[in-house]
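# What the coordinates show
So you can see what is in the structure, the chains are spelled out below.
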Amino acid sequence: MPSSNTSARLSRRHACLGVLILNIVTVLVAGCSTPARQVVSETYHSEKPRIDQWAADWHKDSDAEFRTDRSVLVATYATTEFTNVKRLRSTDELVSAKTPMIVAWLEMKKGPQAIPLYRYVVIPLKYVSAETLIQQGAYITEQKDLGLPAQTPADSYKGAMVTDWQYCYACFAQREIEELEMRDLNFLTSNVKRRMEDRSLGGLYFLNTPAAARTRSAGTAKLTVEVGERAREQQQAFTDYYLKNRAALADAREGDARYRRFWREEVEPLLFDAFAVSQGCPKDFQSSRQRYKRLAPMYVEQRIRLNREYVECRSDALARYDLNTYQSQFAQLQQRESALWAQSSGSLRRKMIPPQEVVPQAVKWIDEAAEGIESAYRDLANIEKAEARAAASKQRAEAFSQATWQSTFSAISNRNAQVLQQSRQVSAMVDRAQTAPRPAFGKPNAERKPAESDSEAGNKVQYRPDTASPAPVAAAKEAEPMGAEANSENAYVGAGRDYPFSGSSSSYYQRSMAIDLAETNLRNQAAEFCGSSYKAEIRWSPDAECKQSAAAESFLCTRDALVNCYENRCEQEFCGTRSP
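Residues numbered from 1 in each chain as written. Predicted model: local features only at pLDDT ≥ 70, side-chain atom pairs only at ≥ 80, totals over all residues. Heavy atoms only, no water.

## Digging into the overall build of the protein chain
Summing up its helical and strand segments, the protein chain has 14 helices and 18 strands in all. For the protein chain, with 580 residues in total, the buried portion stands at 42%. Long-range contacts, defined here as pairs at least 24 residues apart, represent 78% of the contacts in the protein chain between residues at least 6 apart. For the protein chain, the exposed area adds up to about 32600 Å²; of that, 50% sits on carbon and sulfur atoms. (Helix = DSSP H or I, 4+ residues; strand = E, 2+ residues; numbered from the N terminus. Buried < 20%, exposed > 50% of the residue type's maximum accessible area, 1.4 Å probe, protein only. Contact = heavy atoms within 4.5 Å. Areas by Shrake-Rupley, 256 points an atom, 1.4 Å probe, with all protein chains shown as cover.)

Laid out in structure tokens, this is it:
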């Protein structure tokens, strides 16, 4: 068995932070590559024979009276915090394939003592050693709010980290020994019982101070952790005090039972509430001050039925209730309550209701139940108004959607008509070009007559799709000698006429989307005009023109450009396209 070495333990504390910095920070995240629960489970089963043999050898000589089940834990922050693998979500995954894993349990030794000694047994499973674990903190605990802190040992024990027996009075008691009352002893014994019923460890945390393990402790007892022989001495000192008062504690528990029986059998049957229940009335009602998460009509109507039955039944019962019996016995009952309270542990006490307050209290409850009915009817009215508003809003939304669609459809139809008309004009131009006489020679761009002067060429008018005569364009294209398409540089059809086009979003959208739709519309026109997107060149205007809607943050946008067509196909769509 390991023994404590306090001086060696203290000398090591200053080295902990330096070692911690060298550890790999290992955290659990979702969305990586290694499922945590599967990997840890497979690792544990592969190492289980070794763990079983170590535990069997340990239990042969162990003097522990209680131990938790084995807990398999995986590091969630470096090697200072470990979480029970059963608490991981199925989607949690490991950042590192070499995440440290351990197996641990908590042992206790109580005997006749009221407060047990405890210790931790931690066996490295994979990717961490006992020596590394010992250096992670001066204390170890299974939780950070109401944990049981223990000093880490000076050395490992057969490849594991096993702490010495620890004693922590403040971990089980809330007051100092000299301030304890019977009710405190009662709480202490129940607290010890609860801790010894825990079957697994939720986690393990390495800390620098024991106070970090008791962040939720509300007691006034000073937190100290004793180790080894000092732990046994402190446990025996409290045991002597506890045994001295154990008889009184047993009497106090019996007194608690007598006090509860007194109220249940002698006082409550004389009060109006018990009488009303005996007449078949509901025990409870739903107050208007209660908050309700569900305000569906079904639940509101249920509240009305319950409260109405409460009001009607208890009003009838109140008319038949005989207060005289309770009033005549009140003085005797009050004396008996005080005497029984004095014999109890003092952990709980109920107020004796004066006779003159019994009926007013019953009337107050009935009035509150009635107010709950009024509140329920108001809730129903509000529900109806809300449903009416929702129906009207839905109707307006549908009307708006229909009107918006009609407007959108009208704009689309008009735009399609424009595109169709433009397409017909282009087709007519192509037909006329194909039927025009072909020159005997010439290149694609040589549509000027030989006698045409430079000044005449400079004053040449740019043709538009709806006015230009396409005959020279087609004639120049047809006049190219055989093989020119493959051997000559690509050229404009018609020497580059700079045909103006305009694209529109056709309806109101967010600004960026409206501009994209307008440009897409223009590209489609250019591709159709040139016969292919691989023969079209676009020179965009500097900016789009957008008109904002008066009703919302939406825009109707147009985008202008000059379009030219190439004679031969390019390697990419809209080749030569550029902004001015």
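## Overview of the pairing of strand E18 (residues 555-565)
As a general feature of sheets, a regular strand has side chains that alternate between the two faces. Direction of pairing for strand E15 (residues 499-504) relative to E18: antiparallel, over a ladder of 6 bridges. Pairing of Tyr-499 across the sheet is with Val-563, part of E18. Here 5 bridges tie strand E16 (residues 536-540) to E18, and the two strands are oriented antiparallel to one another. Within the sheet, the bridge partner assigned to Arg-539 lies in E18 and is Leu-562. (Pairing = 2+ DSSP bridges.)

## A look at the packing of aromatic side chains
Going through the model one piece at a time under the given rule, you end up with 17 aromatic pairs. Ring geometry for Trp-54 versus Trp-58: centroids 5.6 Å apart, planes at 20 degrees, classification stacked. A residue pair is termed a helical-turn pair when its members lie 3 or 4 positions apart in one helix, as Trp-54 and Trp-58 do in helix H3 (residues 36-61) at 4 residues. Take Trp-54 and Trp-58: they sit in the same class, and that class is buried. Look at Trp-54 and Tyr-157: their rings are 6.4 Å apart centre to centre, the planes differ by 90 degrees, and that puts the pair in the edge-to-face class. With Trp-54 in helix H3 and Tyr-157 in the loop between strand E10 (150-151) and strand E11 (161-162), this residue pair connects regions lying 103 residues apart in the sequence. Within the aromatic cluster, the residues linked to one another by ring pairs are Trp-54, Trp-58, Trp-105 and Tyr-157. Over the ring of Phe-555 we find Arg-511, and its NZ or CZ is 5.6 Å from the ring centre. (Phe/Tyr/Trp six-rings, centres within 6.5 Å; stacked < 30°, edge-to-face > 60°. Lys NZ or Arg CZ within 6 Å of the ring centre and 35° of its normal.)

## Let's talk about the environment of Val-300
Here Val-300 shows up in helix H8 (residues 297-320). With 83 residues separating them in the primary sequence, Val-300 and Ile-383 have C-alpha atoms 9.9 Å apart.

## What about the pattern of salt bridges?
Note that side chains of opposite charge can pair when their charged atoms are close. By the definition in use, this model includes 25 salt bridges. Two residues, Glu-337 and Arg-349, come together in a salt bridge whose shortest N-O distance is 3.0 Å. Of this pair, Glu-337 sits in helix H9 (residues 324-342) while Arg-349 is found in the loop between H9 and helix H10 (355-435), placing the two residues 12 residues apart along the sequence. Accessibility expressed as a relative area gives 3% for Glu-337, which makes it buried. Taken together, the shared-partner salt bridges connect Asp-63, Arg-67, Glu-107, Lys-109 and Arg-119 into one network. (Salt bridge = Lys/Arg side-chain N within 4 Å of Asp/Glu carboxyl O.)

## Overview of helix H14 (residues 511-530)
For H14, spanning 20 residues, the distance from its first C-alpha to its last is 29 Å, which sits close to the expected 28 Å at 1.5 Å a residue. Among the residues making up H14, those that are buried are Ala-514, Ile-515, Ala-518, Glu-519, Asn-521, Leu-522, Gln-525, Ala-526, Ala-527, Phe-529 and Cys-530. Directly beyond the C-terminal end of H14, a positive phi value near 90 degrees is found at Gly-531. (Expected span 1.5 Å × (residues − 1).)

## Structural notes on the state of the cysteines
The final tally for this structure, using the stated rule, is 5 disulfides. Paired through a disulfide, Cys-281 and Cys-313 show a sulfur-sulfur distance of 2.0 Å. Note on the Cys-281 and Cys-313 pair: the S-S dihedral is about -80 degrees, so by sign convention the disulfide is left-handed. A residue pair is termed long-range when its members are at least 10 positions apart, and Cys-281 in the loop between helix H7 (272-278) and H8 and Cys-313 in helix H8 qualify at 32 residues. Its relative accessible area of 5% is what places Cys-281 among the buried residues. Classification of Cys-313 as buried rests on a relative accessible area of 18%. Between the sulfur atoms of Cys-546 and its disulfide mate Cys-557 the distance is 2.0 Å. On the S-S bond that ties Cys-546 to Cys-557, the torsion sits near 115 degrees, and the link is right-handed. One end of the pair, Cys-546, is in strand E17 (residues 545-548); the other, Cys-557, is in strand E18, with 11 residues separating them in the sequence. The exposure class assigned to Cys-557 is buried, which follows from its relative accessible area of 0%. The connectivity of the disulfide-linked cysteines in the protein chain, indexed sequentially, is 1-2, 3-4, 5-8, 6-7, 9-10. (Disulfide = S-S within 2.5 Å.)

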